[in-house]
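# A closer look at the structure
If you want the building blocks of each chain, they are given just below.
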Amino acid sequence: MESSSSSVSGFAPPGEGGIWVPISRPMADETVNVNEFQQLAKKILPKMHYDFYAGGSEDQHTLKENIEAFHRITLRPRVLTDVSRIDMSVSILGYRISAPVMIAPTARHKLAHPQGEIATARAAASSKTIMIVSYMSTCTVEEIAASCNAVRFLQLYVFKKRDITARMVKRAENSGYKAIVLTVDVPRLGRREADIKNRMISRQLENFKGSISTENKGSGIEALTSNLFDASVSWKDIEWLRSVTKLPILIKGILTSDDAVKAVEARVDGIIVSNHGGRQLDYTPATITVLEEVVHAVKGKIPILVDGGIRRGTDVFKALAFGAQAVLIGRPVIFGLAAKGEDGAKQVIEMLKNELETTMALSGCPTIKDITRSHVRTEHETLLQSML
């Protein structure tokens, strides 16, 4: 029997004692997990814009592997632990957030929704988490800061015209941003074939009006990026960035223990293990598979965050078990924004938080600090165990 509400009523098959149990099932248009927002976004967005958000580089191997690698990790729950109260809160650079789920920097939110990054920022604020605002945002850093009261970081690329980058950092400082996230894996743009085929158009970004052209009318994002970004950026430029800001500096784009050690030596304040969502160099490893390598190299000296392929609360739990302090989510927030605006972006964050809370309870972990390496097992470890 179909009801007039957003659910379908019926009866489940008999359970214990042969009793038929009434149920209420969500209808097809009611989202119940993060993945469903991508399906909605694909129906709503123009193909060019959906492909821009969803696509990866070349064969998209890394894009797919980011998600698949989580599937190969199993959980090892503990039982008979008091989980009547679950505390998911964590502190990132001294700022307390409700759960270890932050918003990754993603570009051009107005392609997904007219309110753009302002809607995303409000979703982050209402979920009591941190948003890392993209350098390539479609709203200005000042507009985003004025939209709500929350902790925000600014993601940064270094332009060939260094004075433009330095001014952006100062604008972020003056607007109350709390940290700078330097993305280091884009000396040039990865080959994103969907954008090439679609001749992806980019409009002038408000942050750079009057300073430099960020507009492109179909010759390709790749050409635009090569004209703007400074491919000479190296480790010595961490000192340059430190000379223009007093804010903490995190590096985003680390995938090896070698670079993790160099980051510590450069005295950065945090590392984000990232392969740019599979949008840069294809056939790099899934981030979850190298997270532990980076954690061991850093030895607890600075916090480590991770992004890439997180679609479930169990994924968040696994990343924490391997040593991350928090995860960043990118595409799911964009798809939520496209589907349902600010509410959709918030629903994505809250879904992951709710799933994480359930995973913690069912794994016997009442607090984040209770999640340990012993709670997860890799595919290789499972194979070794079966051979014993």
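Presented here is an overview of the structure given in this document. (Residues numbered from 1 in each chain as written. Predicted model: local features only at pLDDT ≥ 70, side-chain atom pairs only at ≥ 80, totals over all residues. Heavy atoms only, no water.)

So, on to the nonpolar core. One recurring pattern in soluble globular proteins: nonpolar side chains tend to sit buried together. Ranked by internal contacts, the top residues of the largest apolar core, which has 119 residues, are Met102, Ile271 and Leu291. Top contributing element to this core by residue count: helix α13 (residues 331–362), with 12 residues. If sequence neighbours within four positions are ignored, Leu291 has contacts with Val273, Ile304, Val306, Ala319, Phe322 and Ala324. (Core = buried A, V, L, I, M, F, W, Y, C linked by side-chain atoms within 4.5 Å. Buried < 20%, exposed > 50% of the residue type's maximum accessible area, 1.4 Å probe, protein only. Helix = DSSP H or I, 4+ residues; strand = E, 2+ residues; numbered from the N terminus. Contact = heavy atoms within 4.5 Å.)

Below, the discussion takes up the packing of helix α1 (residues 35–44) against α13. Helix packing geometry: the angle between the two helix axes and the distance between the axes. Close contact between α1 and α13 brings their axes to 10 Å; oriented N to C, the two are set at 170 degrees. In terms of orientation, α1 lies roughly antiparallel with respect to α13. Contact residues: α1 offers Phe37, Gln38, Leu40, Ala41 and Ile44, while α13 offers Phe335, Gly336, Ala338, Ala339, Lys340, Gly344, Gln347, Val348 and Met351. Tallied by class, the residues present in the contact of α1 with α13 amount to nine nonpolar, four polar and one charged. (Axes fitted to C-alpha atoms, helices over the stretch in contact; angles between N-to-C directions. Parallel < 35°, antiparallel > 145°, perpendicular 65-115°, else oblique. Nonpolar A, V, L, I, M, F, W, Y, C, P; charged D, E, K, R; others polar.)

Three or more residues of helix α3 (residues 61–71) are buried, namely Thr62, Leu63, Glu65, Asn66, Ala69 and Phe70. Buried residues along α3 sit in contact with α2 (47–54), α11 (287–298), α12 (313–321) and α13.

Alternating positions in strand β9 (residues 180–183) separate into two faces, Ile180 and Leu182 on one and Val181 and Thr183 on the other, with burial throughout. With three bridges connecting them, strand β8 (residues 152–156) and β9 associate as parallel partners. The partner of Gln155 across the bridge, within β9, is Val181. Both β9 and strand β10 (residues 249–254) contribute to a ladder of four bridges, which runs parallel. (Pairing = 2+ DSSP bridges.)

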